[in-house]
Amino acid sequence: MVRIDGAKIRQLRENGKLTQLYLATVVGVTTDTISRWENRRYQSIKLENAEKLAQALEVDLADIRKQEQEQPEPRTADVQPQTDTPPPKKRPRGIIIISALSAAVVLAFVLHLFFPQQQQNSVSAERILPPHVFPGQAFPVLIRIHSAEQTPVSLIIKEMIPRGTLALQGVPAITSIDREENSLKWIRRIDSEESVYAYICSVTADLAGEDRLRFSGSVTLKNNAGNLHDIKGADSLAIAPYHWADGNRDYMIDDEEILAVYDTYSDIEELPIDRELVDSIWASSGYTWDSGKKHFITVD
Amino acid sequence: MRRCAAQRMRQSYHSFFLGTACLLWTGLLMPALLMAAPDITARYAQSQGTRLVIEINVGSSQPASAILVQHLPPGVRILSSQPEAEQYGANRGGAKWLLRNLRPGTSTVSMTLDRAVSGADISAEIRFKSAQGGKMTTIQVEK
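Residues numbered from 1 in each chain as written. Chains lettered and ligands numbered in written order. Predicted model: local features only at pLDDT ≥ 70, side-chain atom pairs only at ≥ 80, totals over all residues.

## Focus on the overall build of chain B
In terms of regular secondary structure, chain B is built from one helix and nine strands. In sequence order, the secondary structure elements of chain B are arranged as α-β-β-β-β-β-β-β-β-β. Looking at chain B residue by residue over its 143 residues, the buried ones come to 21%. Looking at chain B alone, contacts between residues at least 24 apart form 67% of all its contacts between residues at least 6 apart. (Helix = DSSP H or I, 4+ residues; strand = E, 2+ residues; numbered from the N terminus. Buried ≥ 20, exposed ≤ 12 C-beta atoms within 10 Å, placed from the backbone. Contact = placed C-beta atoms within 7 Å.)

Now the structure itself:
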C-alpha cells in the first residue's frame, strides 16, 4: 500500500488538463474512486494503482506520495484497504445488454414465423373527400392505394356511394357502375407502390333531410378473395351551401385552399374538377350561389 | 516510456470522443439540416425600373404548386407580364401568379410596369405548402 497526497494528485491532474474520467480509465477504477483519492478519503492505495496513476499523470511515483512517509503504512482506521479498486462493471453490463438484444431478435424471428403479418398489411387504401358539397354540385373523390406487394398484383376496388349521388367520370376509367346497388368498381392490375383512383361524384338536388353523405369501400386482391381491406380515411362529407374547395366556409378560396386543391389533385390532371371555376373564385373577391343557373359564380 | 504510453492512451481517448462526435453529427444533425433545405427559393434578377424579373428555383422535393405575390407601390400598373398574372388590381397594390405543376429547375416571371420603381419600394413573396408535412410556408424574394 502507498500513502498518496490527494491534493497533489488533484493539482497535477488539473495542471495537465486531465479529467477524473481519463484517470479512472487509465488506472482501471471508477471516477468515484479517483474523487475519493483526491479528497483524501482513501489515503493509501495499492502500489499497482499508484504506479498507474503516476503514469497517467506523467510523473514519477514519488511525486504523488505523501512527503513524510516513503514506505507503505500498515492499516489504520483511516485506511480503506478493500474498496479503492472496485471492479469495473462494464463487462457484466455489456454482456447483459448483448444477451437481451439477442433474445429480442430470436423472439421477433419466432413470432414472425408463427404469426406472419405480411398478408394483412400488403395493400392499404385511403379515401380523400372534400369537407362539404352543395346539392346539385359535383366534387372529386380520391382513393390512394398503397401496395407492399413485391410483384404486380390484380385488385378490385369497390366503392359504395350514397343514395342521391351519381358517379361520373373516373380516372382511371371505372370498370363497372351498378346504379341499383349504388356502387362502382375498378378491376386493375397495379405494379407500383402508390396508385390513385379518382372519380367525380355528383349530388342530385333531392336530398331533403340529409346532412351528410356517407361512403364506404373495400379493396380485394384478386388472387385472395378472402382478404378484404376496408378503405380508410374520410368516409363522409357535409351537405352545405359552400364550394367544395372552400374549406373554411368563408365564401372565398384563399391561397392555402387553392394550393391544397392543386397539391391534392395534381396527379390526376384528367379529372374534371372544374379548375377554371376554382381558379376564378381564387382570383376574384369570392363567390355566391346563382339559384337561377344552379351553380356558383364569382364575385368581383 | 511511462509518459509515451500515457500520451498514446490520451490520444486514443480523444480520438474515441472525436469519432463519436462525428457520428452524432452525421447521424443526427445532417438529416435535420437536409430536411430544413427550402423547397423553393427566389430572387429578383431585375428589381428596379419599369421591368421586374423574378427567378424562381425549385428544389428536388418541390411542392406541386405555389403562389407568387408581387407588391407594388399604390397606383403602379402592370402593363403586361409573362406569364399572365391571375389576380391583379392596381388598387390592390400587387399581383398574384399561381404556379402550377412545378418541376425542379429555374423559371422566371417578368412584368412591365407603367412607371419606374426602385428596389426599395417593391417586394415579393412565394407561398406554398411544404412538401414535408404540408405546412403553409412563405419565403421572401431576395433582392
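## Quick look at the overall build of chain A
The helix and strand tally for chain A stands at seven helices and 16 strands. Across the 300 residues that make up chain A, the buried fraction comes to 27%. A separation threshold of at least 6 residues defines the contact pool for chain A, and within that pool the share at least 24 residues apart is 70%.

## Focus on the sheet that holds strand β7 (residues 105–117) of chain B
In sheet architecture, strand pairing relies on hydrogen bonds along the backbone and comes in two forms, parallel and antiparallel. Residues and elements named next belong to chain B. Pairing in this open sheet of four strands is antiparallel, and the strands run β1-β2-β7-β4 from one edge to the other. A single partner strand is all that each edge strand has here, and the edge strands are β1 (40–46) and β4 (78–82). Neighbour to neighbour, the strand axes of the sheet diverge by 20° on average, direction disregarded. (Pairing = 2+ DSSP bridges. Axes fitted to C-alpha atoms, helices over the stretch in contact; angles between N-to-C directions.)

## Some words on the environment of E269 of chain A
Considering the arrangement of structural elements, one finds E269 of chain A in the loop between α6 (255–265) and α7 (275–283). The class for E269 of chain A is exposed, based on 12 C-beta atoms found within 10 Å.

## As for the interface of chain B and chain A
With 20 residues of chain B in contact, the opposing surface of chain A contributes 16 residues. Those elements that provide at least two residues to the side of chain B that touches chain A are α1 (2–35) and β8 (123–129) of chain B. With seven residues, the top contributor of residues to the side of chain B that touches chain A is α1 of chain B. For the side of chain B that touches chain A, the residue count by class is 10 nonpolar, three polar and seven charged. (Nonpolar A, V, L, I, M, F, W, Y, C, P; charged D, E, K, R; others polar.)

## Thoughts on α6 of chain A
Considered for burial, the residues of α6 of chain A that qualify are I258, L259, A260, V261, Y262 and Y265 of chain A. Residues of α6 of chain A that are buried sit in contact with β5 (138–147) and α7 of chain A together with β3 (66–71), β6 (94–99) and β8 of chain B.

## Describing the environment of R36 of chain A
All names here are of chain A. Along the chain, R36 falls in helix α3 (residues 31–38). Between the C-alpha atom of R36 and that of G6, which follows or precedes it by 30 residues, the distance is 8.3 Å. Filtering out sequence-adjacent residues up to four positions away, R36 remains in contact with R41 and Y42.

## Things to note about the sheet that holds β5 of chain A
Residue and element names in this part refer to chain A. In spatial order, the strands read β7-β10-β5-β3-β13-β12-β6-β9-β8; together these nine strands make up an open sheet with mixed pairing. The open sheet terminates on both sides in strands that have one partner only, identified here as β7 (165–171) and β8 (176–178). Ignoring strand direction, the axes of neighbouring strands in this sheet form an average angle of 25°. Pairing between strand β12 (residues 216–221) and strand β13 (residues 228–233): three bridges, direction antiparallel. Bridge pairing in β13 places V219 opposite H229.

## Some words on the nonpolar core
In terms of nonpolar packing, the biggest core is built from 63 residues, with I54, A66, L68 and I126 of chain B touching the most fellow members. If one sorts the elements of this core by residue count, α6 of chain A sits on top with six residues. Setting aside residues up to four positions removed in sequence, I126 of chain B forms contacts with I40, A42, I56, A66, I67, L68, I139 and V141 of chain B. (Core = buried A, V, L, I, M, F, W, Y, C linked by C-beta atoms within 7 Å.)

## Describing the packing of helix α2 (residues 20–27) of chain A against helix α4 (residues 47–57) of chain A
All names here are of chain A. At a minimum axis distance of 9 Å, the contact between α2 and α4 shows a crossing angle of 130°. One element, α2, and the other, α4, form an angle in the oblique class. Regarding α2 and α4, the two cross each other, and that crossing is right-handed. Of the residues in α4, those touching α2 at L23, V26 and V27 are N49, K52, L53 and A56. Considering only residue class, the contact of α2 with α4 consists of five nonpolar, one polar and one charged. (Parallel < 35°, antiparallel > 145°, perpendicular 65-115°, else oblique. Left-handed = near helix turned anticlockwise from the far one by under 90°.)

## Details of the pairing of strand β3 (residues 123–128) of chain A
Residue and element names in this part refer to chain A. Alternating residues of β3 divide into V123, A125 and R127, all buried, and S124, E126 and I128, none buried. Here β3 pairs with β5 via six bridges, running antiparallel. Residue pairing in the sheet places A125 in a bridge with I145 of β5. Pairing between β3 and β13: three bridges, direction parallel. Bridge pairing links A125 to I231 in β13.

## Points about unusual backbone geometry
The omega torsion across V171 of chain A and P172 of chain A is -5°, close enough to zero to call that bond cis. Cis geometry is adopted by the peptide bond preceding P83 of chain B, which originates at Q82 of chain B and carries an omega value of -5°. Along the chain, P83 of chain B turns up in the loop between β4 and β5 (87–89). In this structure, K17 of chain A takes a positive phi of about 55° despite not being glycine.

## Topic: the confidence of the model for chain A
Residue and element names in this part refer to chain A. In the predicted model, chain A carries a mean pLDDT of 84, and 85% of its residues have values of at least 70. Looking across chain A, the model is least confident in helix α5 (residues 90–114), with a mean pLDDT of 76, and most confident in strand β4 (residues 132–133), with 95. A low-confidence stretch, residues 69–83 stays under pLDDT 50, and its non-local contacts, those more than four residues away or across chains, total 13 contacts. (pLDDT = per-residue confidence, 0-100.)

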